[in-house]
Amino acid sequence: MSQIAVDSTGDVRPAPAQGGGTVGATGMWTFLATDAMGFAGLLVAYGVLRVRAAVDAWPDPRGRLALAPAAAMTFALLASSLTMTLATRAGGLRARRVWLLATFALGIAFLAGTAIEYGHLLGGAASMGLSANLFASAFYVITGFHALHVLAGVIGMGFMLGAKVDSQATETFGLYWHFVDAMWMPIFSLIYLLPTR
Amino acid sequence: MTNDAFVDSQSPRSGILRIAATFCLLVVLTIAELIVIGLDAERAARITALAGLLMAKVGAVLAFFMHARANRRAAWFALVAITFAAGAGVVLLLETAYRVRVS
């Protein structure tokens, strides 16, 4: 027999499964575990390529990538995690939708930043195409993989904004969104910040 | 009996304060990263500092935003993978620093 409980926001939700979380949250954690391995594989591949390249052969990312917009994108993702958490804790549907809308807007801002960055890198005299060098290939694959996760999250949030979601569904979805935020952190450090000299 | 796995037993006000503090911590750590790479310090030292800041940021998101403790069994499984992803970044950061030191 399934059990229900009332949380601090007043929503009725399924009782936690054995182990502390609900079935939905457990499923999401399991998905995130497999997805994290995908990110880990890409990051390891990037690291191996960089370590094996001659010191002078690897382009200085700070010379090719604009740090300020990337930092702004990072702050947008951090802020979106805050608004997602606030959506999770919101007391009613209206407040939850407002915070979800804010998260949605910040996700769109991040994607817009990525699109603008790609536009700058692909255009101009010193364009950096996908196959320009190993750094370019790794950069587009890793950031593109992450941007697809953000896009999936934004699409999911779009559906949630149009539906009558409860706090439990928001919490489960929030796990995914925080994960996307957490995975951006090693990408930002490894690709944008790691000094070559 | 409370069985709210994620919202904990804390009051709403203290919960909001904790969330805000976590966000501020993440912003500060990110600013620290940006400051570290601009420092006129040895490259290996900067990379080691970046690795430490990265671990702190990922740890803060996992602990305070994702409430990893609330869903222990599945979370531990995921935590190993996520830690592996972030850990790969940390190891590679340090490896790069080490490689420059010996060459």
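Right, let's walk through the structure included here.

With that out of the way, let us pick up the overall build of chain A. Along chain A, the regular secondary structure elements total six helices and two strands. Taken from the N to the C terminus, the helices and strands of chain A come in the order β-β-α-α-α-α-α-α. Long-range contacts, defined as pairs at least 24 residues apart, comprise 73% of the intrachain contacts of chain A with a sequence gap of at least 6. Summing over all exposed atoms, chain A offers an accessible surface of approximately 8000 Å²; the carbon and sulfur share of this is 69%.

Right, let's talk about helix H4 (residues 93–122) of chain A for a bit. Given 3.6 residues per turn, any residue in an α-helix points the same way as the ones three and four places further on. All names here are of chain A. Between its first and last C-alpha, H4 extends 43 Å over 30 residues, near the 44 Å set by a 1.5 Å rise per residue. Those residues of H4 that sit buried are Arg96, Leu100, Thr103, Gly107, Phe110, Leu111, Gly113, Thr114, Glu117, Tyr118 and Leu121. Along its buried surface, H4 packs onto helix H2 (61–64), helix H3 (67–89), helix H5 (134–161) and helix H6 (167–193). At the C-terminal side of H4, glycine 124 shows a positive phi close to 80 degrees.

The next point concerns the pattern of salt bridges. Residue and element names in this part refer to chain B. What the rule picks out here adds up to one salt bridge over all chains. The shortest N-O distance in the salt bridge between lysine 57 and glutamate 33 comes to 3.0 Å. Remark: glutamate 33 occurs in helix H1 (residues 12–38) and lysine 57 occurs in helix H2 (residues 43–65); sequence separation between them is 24 residues. Pair check on accessibility: lysine 57 and glutamate 33 agree, each one buried.

All names here are of chain A. For the coordinates displayed, the defined rule picks out 13 aromatic pairs over all chains. Considering the side-chain rings of phenylalanine 139 and tyrosine 140, the 5.3 Å spacing of their centres and the 70 degrees angle between planes classify their relative orientation as edge-to-face. Judged on exposure class, the residue phenylalanine 139 and its partner tyrosine 140 are both buried. With a centroid separation of 6.1 Å and an interplanar angle of 75 degrees, the aromatic rings of phenylalanine 139 and tyrosine 192 are classed as edge-to-face. Taken as a pair, phenylalanine 139 in helix H5 and tyrosine 192 in helix H6 lie far apart in primary sequence, 53 residues in all. The buried category is assigned to tyrosine 192, whose relative accessible area is 2%. In this structure an aromatic cluster arises from ring pairing among Phe110, Tyr118, Phe135, Phe139, Tyr140, Trp184, Phe188 and Tyr192.

Cut-offs and rules
Residues numbered from 1 in each chain as written. Chains lettered and ligands numbered in written order. Predicted model: local features only at pLDDT ≥ 70, side-chain atom pairs only at ≥ 80, totals over all residues. Heavy atoms only, no water. Helix = DSSP H or I, 4+ residues; strand = E, 2+ residues; numbered from the N terminus. Contact = heavy atoms within 4.5 Å. Areas by Shrake-Rupley, 256 points an atom, 1.4 Å probe, with all protein chains shown as cover. Expected span 1.5 Å × (residues − 1). Buried < 20%, exposed > 50% of the residue type's maximum accessible area, 1.4 Å probe, protein only. Salt bridge = Lys/Arg side-chain N within 4 Å of Asp/Glu carboxyl O. Phe/Tyr/Trp six-rings, centres within 6.5 Å; stacked < 30°, edge-to-face > 60°.

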